[in-house]
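One letter stands for each residue in the lines below.
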Amino acid sequence: MRKLKLIGAFALVLLVAAVGAAYLALHASLPATEGTLTLAGLEAPVTVARDDRGVPTLTAASRADLAFGTGFVHAQDRFFEMDLSRRLAAGELSELVGAAALGQDRRARLFRFRAVATEVLAGLTPQQRAVVSAYTRGVNAGLGSLAARPWEYFVLRQPPAPWREEDTLLVVYAMWWDLQAGGLRREILRQKINARLSGPECAHGWKCALKFLYPRGTSWDAANSPAQVPVTPEPIPGPDVLDVHGSPAAARLPPMPHAPLPGSNSWAVAGAHTASGAALVANDMHLAQRVPTIWYHARLRLAAGAGAPALDLNGVTLPGAPVLVAGSNGAIAWGFTNSYGDWLEVHSRECSAVDEAGLHTAAGVVPLTVVHENIRVHGAADFDLAVRSGPEGLLLRVDGAEHTCWFGSWLAQNPHSTNMNLMALEQVSNAADALALAPTIGIPHQNFVVGDAQGHIGWTIFGLIPAGTEAARAQGSGPWVQGAEHPRIYDPAAGRLWTANAQVTGDPQQLATIGGHVAELGSQYDLGARASQIRDDLLALSAPAQPADMLAIQRDDRALFLARWRELLLGVLDAPSVAGHPARVQFRALVEHWDARAGVDSVGYRLVRAYHDRVQQSVWDSILAALKVPGEADSDVPAQFEGPLWQLVTERPAHMLGRAYATWPQFLQAQVDATVEDLGPHCPDLSACSWGRHNRVWIRHPLSRSLPGLSHLLDMPPLELPGDHDMPRVQEGAFGASERFAVSPGHEADGYLVLPGGQSGHPLSPYYRAGFMGWVDGERLPFLPGPARATLTLQPKAADAHP
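Residues numbered from 1 in each chain as written. Predicted model: local features only at pLDDT ≥ 70, side-chain atom pairs only at ≥ 80, totals over all residues. Heavy atoms only, no water.

A.B. asks: Kindly report on the pattern of salt bridges, identifying the contributing residues and their values.
C.D. replies: Throughout the structure, instances matching the rule amount to 40 salt bridges. The salt bridge involving R164 is made with E166; its shortest N-O contact spans 2.8 Å. Of the residues examined, R164 reaches a relative accessible area of 45% and is grouped as partly exposed. Judged by its relative accessible area of 11%, E166 is buried. The residue R535 makes a salt bridge to D536 at a minimum N-O spacing of 2.9 Å. Salt bridges here are not isolated pairs; linked through shared partners, they connect D83, R86, R87, E92, E95, R114, R164, E166, D167 and R376. (Salt bridge = Lys/Arg side-chain N within 4 Å of Asp/Glu carboxyl O. Buried < 20%, exposed > 50% of the residue type's maximum accessible area, 1.4 Å probe, protein only.)

A.B. asks: How would you explain the environment of T168 if you had to name every residue and give the values?
C.D. replies: Tracing the sequence through the fold places T168 in helix α8 (residues 165-180). Distance from T168 to K797, taken between C-alpha atoms, is 25 Å for residues 629 residues apart in sequence. (Helix = DSSP H or I, 4+ residues; strand = E, 2+ residues; numbered from the N terminus.)

A.B. asks: Tell me about helix α6 (residues 126-144), and please be specific about residues and values.
C.D. replies: With 19 residues, α6 should cover 27 Å at 1.5 Å per step; its first-to-last C-alpha distance of 27 Å lies within 8% of that length. Burial in α6 covers these residues: Q128, V131, V132, S133, A134, Y135, T136, G138, V139, A141, G142 and L143. Where α6 is buried, its residues meet β1 (35-39), α2 (63-90), α5 (113-122) and α8. (Expected span 1.5 Å × (residues − 1). Contact = heavy atoms within 4.5 Å.)

A.B. asks: So what about the packing of α2 against α8? Which residues, and what values?
C.D. replies: At a minimum axis distance of 7 Å, the contact between α2 and α8 shows a crossing angle of 70 degrees. Taken together, α2 and α8 sit at an angle that is classed as roughly perpendicular. The element α2 and its partner α8 pack so that their crossing is left-handed. Residue-level contacts link S85, R86, L88, A89 and A90 of α2 to D167, L170, V171, Y173, A174, W177 and D178 of α8. Class assignment for the residues of the contact of α2 with α8 results in 8 nonpolar, 1 polar and 3 charged. (Axes fitted to C-alpha atoms, helices over the stretch in contact; angles between N-to-C directions. Parallel < 35°, antiparallel > 145°, perpendicular 65-115°, else oblique. Left-handed = near helix turned anticlockwise from the far one by under 90°. Nonpolar A, V, L, I, M, F, W, Y, C, P; charged D, E, K, R; others polar.)

A.B. asks: Please give an account of the state of the cysteines that cites residues and values.
C.D. replies: Applying the stated rule across the entire model yields 2 disulfides. Each disulfide pairs two cysteine sulfurs, and for C351 the partner residue is C405, the sulfurs being separated by 2.0 Å. Taking the torsion about the S-S bond as the criterion, the C351 to C405 disulfide, at about 90 degrees, is right-handed. One end of the pair, C351, is in the loop between β10 (344-350) and β11 (353-355); the other, C405, is in strand β17 (residues 404-410), with 54 residues separating them in the sequence. You can call C351 buried: its relative accessible area is 2%. (Disulfide = S-S within 2.5 Å.)

Laid out in structure tokens, this is it:
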């Protein structure tokens, strides 16, 4: 017995020692936040003053030193996040995490973004290259200042790779990937539908039918331009063009999980309608939320001197890049939302095989250019990826069963489409000059909303737009739209501008410039329900607008979009249809007494939303089955399909009804039963089926799934939150506002900025969770950093110091 006790005690000592060693290693990777560090690569001292939330104010004497300091704090707090971003774009995740990431790497490596980034880097202006070079030195100095490698690399048993200058461009390409790559999949589906409707059986009506399924707009659209023409829905195709009822029935599939499009809200109120007299800009960018947060709150200050003007930049930066992404420079404030448009193209070719010889077709072999990319895989053999290209672009995929090869072109592949010209915003003093920069800015295409201290507001597209509207414009390298031809709105009569990933302008020429050859098919725009609710909220403000009013709009979770679906449901569940159906009786009662919000306690909202999704999926699947569109069972329903869907369920043409049903009322009632069945595993009791139980938000660290015992230390606490997609307060699981701010330039002290997590990526840091509950609870946390609580001075080595 004594021997067993000794063994147990010894094992306990070993366990405590192991835990202690792990804790010491973890603690050693915490960054220094106070004192003085002497570093190579600086010309003059840089101070880093952090407030009680860890938000730094960096002060430097030159733009290069300011970039060095920015890179330093980014690496201190977020190096692992930066590493994942560059590897995502380059297709190099497997080298770090192993074979689990090989599928993602194969998709991303096709575009060879590291080679493209190297070419972009070579084309930067001397000033931009100096800033990127200084930032790179700062990143590596920040990484080297840690007493131990960042904790994630202990878990992965890997050393962190040094930062390279082209990695900053790769971080930009990671945003291209997040914001636009999904459009290739959606475009393939549209092309498949187009091919089916182009057959001889539809020769006289296919174009109209395609425009019905992919409308240019819907009744929800809320464009800013007074030139907007009311949307006239396309007529429902006749049975000679599209006969759903006469086609084989679609198999019943569970509703697809809603895949929200990357998007955001941003708007501006002109100074004539604000309390301060300056323009008021609000922004909340909607992205997949994670730990640490995507954005990094910072203040970047540069004193005037040596011919260089002063800078005072406040807002959010992107770890991996030395620029302010959104916020204020004291004279203008700006924000972004993703702009959909004609930025990519896909083409199909008949093929029987693809090999080293080329593309095998019935007409012979078509030669392809082949580049071999070596993907390193941690713990496994390297993978050789053959990247093939032809006259119609990059070979994206081969659908062997359909004898079809898909080629694609994407502006992101063009080195001329990306640059560092966003830096020019730092010195712009008014909204008009900011709009004038638009044709020179090379980023993933964004709706840029700007306001200035004099009260002016404007909108344009940041991102180079090819001239012309032909289908092949995504393959070219220019010319680009210039000057007055570049879409813009300046000081609209309403004194408000709003963007929410839907149509922003109603001007036909501007819509054609953005949408190119697919302008008449909706340009992959999001539905305008969110934009119209924001518009109405802005126009309803009776008193001069203040930042608090902007937060109220950002948190607006009223269910205006689904209100008509609730009315439809109540009509479908009439007295005869519910007789003898207890589940339908309960369903109707819960819907009838909803609170018209996507609130956590709302049962009625969840039931209406689930019913809408079930009807939408059933109708869409029936149409695809009728068209015999193969291989896309997991495809997203186009956002603009809401318009055609509503036409179908209200006009109820017999030939567009699935053949399993005799009448539309029978179909719509059956969807209630199917919705109850879908909800059953999650909600045996419908009365307890609240929206919050569905919309449980768990913002997680990328490694927490591999460390389940530590997830409570690594992740933000899981919470039920209000919000949905088609309303201003966007929240669908861990997809939602990656930041919220509102600010008037020159009045930054009155603004707010909140993030869904803290500044630091280190779980032992006091800044790891700082601000998260403020984001949850809707607090207006200060836009400007608070008083310094910790100050670190970066001192240049004597040999590097400026005389």
